[in-house]
Amino acid sequence: MGTKVLSRRIKVAYSAPALALAAIALVLNAYLPKFYTDAMGVRVGFVAAIMVAARLFDAVTDPLIGVLSDRTPGPWGRRRPWILAASLPLALTFTMLLIPAWRGGVGAETWMVSLVFAVTLFWTALSIPYEALGAALSEDYEERTDLFGLREVFLLIGTVLAAASPVIVRALLGLSMSPDDQIVQFRAIAWLWAAITLLLSVGCALLVPEPRAAAVHRRVELWGIVRETVANRSFRILLIAYTVAAFGNHLPATMVLYYTQYVLETTHGDKILLLYLVVAISAMPIWIRIAHRHGKKAAWLAAMAMTVAV
């Protein structure tokens with residue numbers, strides 16, 4: 001058990017970027033596909049293929065960035081240089097992705113491909129070292145719990161605000177759901193979240209000191225980590241189950257805007273998505289209590305059974 005040393009200012013400065021990272025992730029996964037198909041004229045099948053390819057790209061870059069971050073020497077530590085260096089490229093590429101230079105045809109498709117992969121790369125380059133930094137900030141069990149709990153609060157706030165962004169922007173600017181108005185709407189969303197991402201990430205890098213012990217340079221082999229992970233039978237089972245469950249968990253968020261418009265024939269898809277997320281977040285204390293009482297595994301299995309039934 002360590003000694004609590006983190007001030008409230010450091011805890012907030014560290015946790016705040018989770019808000020921006022969650023917002024960018026939700027915009028990319030929930031709003032971006034429909035924006036490019038309906039407003040920018042990109043083929044649905046093409047958009048689907050790119051989004052799948054981006055996730056596969058993530059599976060490669062996540063461990064790679066983790067290892068490169070572990071090998072980063074210097075007086076600033078191993079994590080903060082990555083957070084600082086990735087924040088501006090992430091903000092710029094995210095803005096460019098939501099403000100395409102071409103509309104329709106090969107131009108729009110090329111723009112989307114290049115920017116989706118760029119945003120995915122820089123998001124990973126920021127988020128992996130950022131999350132690793134949190135684990136190094138304190139050796140105290142309770143303090144780490146408080147820190148990660150606060151980070152989750154910011155993450156949930158970012159998720160809800162991102163889901164509400166289209167509704168709020170349309171109301172403030174008096175926009176409709178027409179393709180031209182959607183372009184204006186997502187231009188405003190791009191600038192808003194790019195600015196927030198840059199502000200909170202740079203603030204974290206400058207205000208949160210990385211402990212000296214955590215900054216020690218160590219040689220880490222990527223394939224050694226992979227071998228150790230795969231050799232763990234319990235983890236293999238958990239990983240497979242988690243991967244299968246992820247298909248079902250992410251499908252509603254990605255498809256809800258298409259489903260509501262083209263199956264339910266309503267233009268209130270973004271409001272339904274917002275409601276979906278608010279209900280999910282509101283239920284978290286209930287599931288935490290169930291997990292404490294009956295165990296995490298039992299709670300997860302019960303949740304999966306309910307999800308499948310619904």
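Quick notes on the rules
- Residues numbered from 1 in each chain as written.
- Predicted model: local features only at pLDDT ≥ 70, side-chain atom pairs only at ≥ 80, totals over all residues.
- Heavy atoms only, no water.
- Salt bridge = Lys/Arg side-chain N within 4 Å of Asp/Glu carboxyl O.
- Helix = DSSP H or I, 4+ residues; strand = E, 2+ residues; numbered from the N terminus.
- Buried < 20%, exposed > 50% of the residue type's maximum accessible area, 1.4 Å probe, protein only.
- 1 Å grid on protein atoms, 1.4 Å probe; cavity = no way out; pocket = protein on both sides within 12 Å on 5 of 7 lines; lining within 4 Å.
- Points joined across faces, edges and corners; volume = space filled by probe spheres on them.
- Nonpolar A, V, L, I, M, F, W, Y, C, P; charged D, E, K, R; others polar.
- Axes fitted to C-alpha atoms, helices over the stretch in contact; angles between N-to-C directions.
- Parallel < 35°, antiparallel > 145°, perpendicular 65-115°, else oblique.
- Patch = residues over 30% accessible without salt bridge, like charges linked within 9 Å, V, L, I, M, F, W, Y side chains within 5 Å.
- Areas by Shrake-Rupley, 256 points an atom, 1.4 Å probe, with all protein chains shown as cover.
- Phe/Tyr/Trp six-rings, centres within 6.5 Å; stacked < 30°, edge-to-face > 60°.
- Lys NZ or Arg CZ within 6 Å of the ring centre and 35° of its normal.
- Left-handed = near helix turned anticlockwise from the far one by under 90°.

A. Region of interest: the pattern of salt bridges. By the definition in use, this model includes seven salt bridges. Between R55 and D58 there is a salt bridge; the shortest N-O distance is 3.3 Å. Here R55 and its partner D58 are both found in helix α3 (residues 44-70), three residues apart, which amounts to about one turn of the helix. Relative accessible area serves as the criterion here: at 37%, R55 is assigned to the partly exposed category. Under the relative-accessibility criterion, D58 is labelled buried at 13%. In this structure, the salt-bridge partner of R103 is D180, at a minimum N-O distance of 2.8 Å. Residue R103 is located in the loop between α4 (80-98) and α5 (105-136), and its partner D180 is located in helix α7 (residues 179-207); the two are separated by 77 residues in the primary sequence. Shared partners join several salt bridges into a network, and the residues in it are D70, R78 and R79.

B. Representation of the layout of surface pockets within the structure. Taken as a whole, the second largest pocket encloses approximately 230 Å³ of empty space. Those elements giving two or more residues to the lining of the second largest pocket turn out to be α6 (141-173) and α11 (284-294). For the lining of the second largest pocket, the leading source of residues is α6, giving six residues. Classifying every residue of the lining of the second largest pocket by side-chain character gives five nonpolar, two polar and one charged.

C. Representation of the packing of α4 against α7 in the model. Contact geometry of α4 with α7 gives a least axis separation of 9 Å together with a crossing angle of 175°. What the angle tells us is that α4 and α7 run roughly antiparallel. Class assignment of the residues belonging to the contact of α4 with α7 gives a composition of 18 nonpolar, four polar and two charged.

D. Structural detail: empty space enclosed by the protein. Inspection of the entire model under this criterion finds one cavity of 30 Å³ or more. One number sums up the size of the largest cavity: a volume of about 170 Å³. Taken together, 16 residues line the largest cavity, and the ones lying closest to its centre are Y31, K34, M177, L257 and D270. If you list the elements that add at least two residues to the lining of the largest cavity, you get α2 (17-39), α6, α7, α9 (233-262) and α10 (269-282). The class makeup of the residues in the lining of the largest cavity is six nonpolar, seven polar and three charged.

E. Region of interest: unusual backbone geometry. With a phi angle near 55°, E265 is a residue other than glycine that sits in the positive phi range. Mapped onto the elements of the fold, E265 is located in the loop between α9 and α10.

F. A look at a nonpolar patch on the surface. A cluster of nonpolar side chains, Y259, Y262, V263, L264 and I272, forms an exposed patch at the surface whose accessible area comes to about 490 Å². Note that Y259 resides in helix α9. Take Y259: its relative accessible area is 44%, and that puts it in the partly exposed class.

G. Highlighting the packing of aromatic side chains. A full pass over the atoms with the stated rule returns six aromatic pairs. Ring geometry for Y14 and Y130: centres 4.7 Å apart, planes at 20°, overall stacked. Of this pair, Y14 sits in helix α1 (residues 8-15) while Y130 sits in helix α5, placing them 116 residues apart in sequence. Accessibility expressed as a relative area gives 0% for Y14, which makes it buried. Among the residues examined, Y130 registers a relative accessible area of 2% and is labelled buried. Relative to W111, the ring of W102 lies with its centre 5.7 Å away and its plane at 65°, an arrangement referred to as edge-to-face. Judged by relative accessible area, which is 48%, W102 ranks as partly exposed. W111 gets classed as buried once you look at its relative accessible area, which sits at 16%. Within the aromatic cluster, the residues linked to one another by ring pairs are Y31, F35, Y36 and F186. Taking NZ or CZ as reference, R80 lies 4.5 Å from the ring centre of W76, over its face.

H. View of the packing of α3 against α5. Contact geometry of α3 with α5 gives a least axis separation of 9 Å together with a crossing angle of 30°. Between α3 and α5, the angle is such that the two are roughly parallel. Of the two elements, α3 crosses α5, and the hand of that crossing is right-handed. Classifying every residue of the contact of α3 with α5 gives 16 nonpolar, five polar and four charged.

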